[in-house]
Amino acid sequence: MKHFHIEDVKGNLIAENLTNDCRNCYSSCSTIGKLMPCPLYGGERRHGVISTTKSRTFLCCDTTKTTKLFREKLEALSYAYPDLVIPKKDIEEKTKKSEQQKVNRLVHNLSSINAHNIQEIYDLVPQSVLSSNWKKQVDYIEKEVKSHPKKAAMMFLRLAKHSIHMKSEFSIYRKLEREETVGLDFKSYPIRNVLLNVLHTFFVDFSNNGIYVEVEDYYGKVLIDYETIQVAIYHLIENASKYARRDSTVYIKFQESESDIKVIFNMVSAHIEPSEKDQIFWEGFSGSSAKKMMKNGDGIGMWRIKQMMELNKGSCSVVCGSKSETLNGFDFSENSFTLRFRKYSKSNVNQS
């Protein structure tokens, strides 16, 4: 095993694989090559350090038989400095850019959701009224809620939906996009209840489009990480609320096998071209129908669903129907989206 340390003339680290014992040897080394007792492996090993106008290089090696050969190896490593520093800077820049993009995406999404929340509140109680009558805010809000109970109820549901969306964004960032990844917490949950916890917040969206959602009765349990599965279900229901045909019914059914439970969403929704069947699961891709309807977002919904399901050792699939009808210039077909979960059993809990 070779150990090395390379830094530039300013002391900035370029590359190394030193242990704590190695650092003691490095700090006391002042020769270009000498046999020394090794506190880490025992016996003797050659180590040495060489400084140039650009870098300082340390090497410890147990495979070089002579001091002359060791010095040649140390010099060769020192000469490699320019080839190390360029890719290091490139990697650092790419990593920094990637991490900044993750943060930017989180901030952008949360800012957008927050703007929706603020708008919901001010649609019920105008900001101008609140700011001009700040001493009587509670009285005014109470009056508006009593005068427009349905409007207040709708606002409550939309705020609940936005809150779940925000929770999803935090979960994705915390569990997937930070360097210190938080582990998944697999537990048993009744899958129908998990589904309904998200579905009820979309009541307003479906109602506005005359869409009825029929959920089959089912009591089976799945083994999942609740937070990441909530993200998957959120995006699938959001897509259904956006792309299902007006005045139609979305049917949600369950199929159980020996090891799996499938949740199947059947609906008449925006047509998916055969060539797009696999592409809709690509990050950043939006289907042609979604673009035509001007309802396409950042193209991450189906990609997120697939990603979350795979994290839970499940899968997501789609069966695309042929064009069945055209309404207001938009093509619709009978499409089926399936989420496959691991069925809960005492035997597979310990395998998570």
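For the structure itself, look to the data block above.
All values reported here derive from a predicted model rather than from experimental measurement.

Re the nonpolar core
Alright, step 1. Counting 44 residues, the largest nonpolar core has I191, I233, I237, F265, L339 and F341 as its most contacted members.
Alright, step 2. Sort the elements by how many residues they give to this core and helix α9 (residues 226–243) lands first, with nine residues.
Alright, step 3. When sequence neighbours within four positions are dropped, the list of residues in contact with I233 reads I191, V194, L195, V198 and L339.
Alright, step 4. Grouped together as the second largest cluster of nonpolar side chains are seven residues, L18, C29, V49 and F58 included.

A word on the sheet that holds strand β3 (residues 34–37)
Alright, step 1. Strand order across the open sheet formed by five strands is β2-β1-β5-β4-β3, with antiparallel pairing between neighbours. Of all strands in the sheet, those with a lone pairing partner are β2 (13–16) and β3, marking the two edges. The sheet shows a mean angle of 20° between the axes of neighbouring strands, taken without regard to direction.
Alright, step 2. As paired elements, β3 and strand β4 (residues 44–51) share four bridges and run antiparallel to each other.

Regarding unusual backbone geometry
Alright, step 1. At D247, a position not held by glycine, the phi torsion is positive, near 55°.
Alright, step 2. The residue D247 is located in the loop between α9 and β9 (249–256) in this model.
Alright, step 3. Given the relative accessible area of 57%, D247 is considered exposed.
Alright, step 4. For N328, which is not glycine, the phi dihedral falls at a positive 55°.
Alright, step 5. Take N328: it is sitting in the loop between β12 (323–327) and β13 (330–342).

So, the packing of α9 against helix α11 (residues 301–311)
Alright, step 1. Contact pair α9 / α11: the axes reach a minimum separation of 8 Å and the direction vectors enclose 150°. If you check the angle between α9 and α11, you find them roughly antiparallel. Crossing handedness for the pair α9 and α11: left-handed. Along the contact surface, α9 presents T228, I229, V231, A232, H235, L236 and N239, while α11 presents G301, M302, R304, I305, M308 and M309.
Alright, step 2. Across the contact of α9 with α11, the residue classes break down as eight nonpolar, four polar and one charged.

Points about the pairing of β13
Alright, step 1. Sheet topology note: the strand β10 (residues 260–270)/β13 ladder contains eleven bridges and is antiparallel. Bridged to A270 within β13 is F332.
Alright, step 2. Relative to β13, strand β11 (residues 315–319) runs antiparallel, the two sharing five bridges. Counted as the bridge partner of S315 is R340 from β13.
Alright, step 3. In this structure, β12 lies alongside β13, joined through four bridges in antiparallel fashion. Of the residues in β13, the one forming a bridge with E325 is F332.
Alright, step 4. Taken together, β12 and the strand that follows it, β13, pair antiparallel across an intervening segment of two residues, in which N328 is found at a positive phi of about 55°.

How each quantity is defined
Residues numbered from 1 in each chain as written. Predicted model: local features only at pLDDT ≥ 70, side-chain atom pairs only at ≥ 80, totals over all residues. Heavy atoms only, no water. Core = buried A, V, L, I, M, F, W, Y, C linked by side-chain atoms within 4.5 Å. Buried < 20%, exposed > 50% of the residue type's maximum accessible area, 1.4 Å probe, protein only. Helix = DSSP H or I, 4+ residues; strand = E, 2+ residues; numbered from the N terminus. Contact = heavy atoms within 4.5 Å. Pairing = 2+ DSSP bridges. Axes fitted to C-alpha atoms, helices over the stretch in contact; angles between N-to-C directions. Parallel < 35°, antiparallel > 145°, perpendicular 65-115°, else oblique. Left-handed = near helix turned anticlockwise from the far one by under 90°. Nonpolar A, V, L, I, M, F, W, Y, C, P; charged D, E, K, R; others polar.

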